[in-house]
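A structural walkthrough
Listed here are the chains, written in short residue letters.
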Amino acid sequence: MTGERIQKVLSHAGVASRREAERLLAAGRIRVNGRVVREPGTRVGPEDRIQVDGRTVARDQEPRYLLMYKPRGCVTTLADPEGRPTVMAHLPATGPRVFPVGRLDYDTEGLLLFTNDGDLAQALMRPRHGVPKVYQAKVNGCPDAATLDRLRRPFRLDGRPSRPALVEVLHQRRHAVLQITLCEGRRNQVREICRRVGHPVMRLRRVAYGPLRDPALRPGQVRPLSPDEIEALRRAAGAPPVEAAS
Ligand code: URA
């Protein structure tokens with residue numbers, strides 16, 4: 001069989017993660033040489049013209065890495081069927097297209113990485129690499145020591161146990177602010193585990209993604225990663241260094 005799977009090509013071109021590409025395919029938004037394709041296994045070669053929403057996909061683009069402080073009140077997807085604002089509105093209008101690595105939910109704010117480097121994105125999202133993500137969660141009330149211990153232990157989420165979390169209390173008065181470090185990216189994990197122990201999240205932000213931190217970045221701001229940050233991310237993802245990767 002010749003060519004590569006279309007999801008892989010789209011991910012390499014920085015158009016969408018492989019999962020997002022499957023959604024685009026299912027929605028009939030992708031054409032190959034003018035014909036709509038919906039089959040995720042479709043194979044394409046370098047000579048094939050791929051279009052997403054009528055725009056031709058440029059392949060072999062310069063790699064690009066951006067860090068955004070995602071504001072609350074927007075979804076982490078390329079387009080929202082419900083018409084809600086998306087993170088894409090905050091990205092620069094020019095330059096190679098990038099897509100988000102993982103997601104933050106609608107009401108969650110904080111650091112979100114964007115890239116068109118499909119290999120690094122896949123490596124970062126592979127559960128076994130366990131890139132740590134640090135969240136600060138303001139929760140309703142103040143969990144006692146036994147509850148904090150429960151939060152640290154695995155939970156059964158979507159039928160599978162989660163990995164243990166690191167949980168610290170940053171401060172507390174009427175409500176507590178917890179720092180929660182997770183090494184996996186399960187859907188709404190922080191909100192779900194806090195809800196289960198009886199202290200629902202009132203406000204949630206991500207303050208670190210692997211080696212990336214930036215307390216100066218304000219909601220809606222975006223900046224390119226420095227070469228050192230890119231190297232640190234590659235190390236965190238277990239990806240080969242740039243020289244060996246090209
Ligand atoms: N956990 C959540 O509950 N929401 C997020 O956006 C990220 C982690």
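Up top is the structure.
Note that the coordinates shown come from a computational prediction; the quantities given were computed from them, not determined experimentally. (Residues numbered from 1 in each chain as written. Predicted model: local features only at pLDDT ≥ 70, side-chain atom pairs only at ≥ 80, totals over all residues. Heavy atoms only, no water.)

**Thoughts on the sheet that holds strand E3 (residues 35-36)**
So the rule is basically this: At least two DSSP bridges between two strands are needed for those strands to be called paired. A helix here means a DSSP run of H or I that spans at least four residues, while a strand means a run of E at least two residues long, and both kinds are numbered starting from the N terminus.
On the basis of which strands lie adjacent, the open sheet formed by four strands has the order E3-E2-E5-E6 and antiparallel pairing. Every other strand in the sheet has two partners, leaving E3 and strand E6 (55-56) as the edge strands with one partner each. As judged from the three bridges shared by strand E2 (residues 30-32) and strand E5 (residues 50-52), these two strands associate in the antiparallel manner. Its bridge partner lying in E5, arginine 31 is registered against glutamine 51.

**Points about the pairing of strand E9 (residues 109-115)**
Selection criterion: A 1.4 Å probe rolled over the protein chains alone gives each residue an accessible area, and that area as a share of the maximum for its type sets the label: buried under 20%, exposed over 50%, partly exposed in between.
Counting buried residues in E9 gives seven out of seven residues, a clear majority hidden from the surface. Where strand E7 (residues 65-70) and E9 come together, six bridges link them in antiparallel fashion. Bridge pairing in E9 places leucine 67 opposite leucine 113. Note: strand E8 (residues 99-100) against E9, two bridges, orientation antiparallel. Bridge pairing links phenylalanine 99 to threonine 115 in E9.

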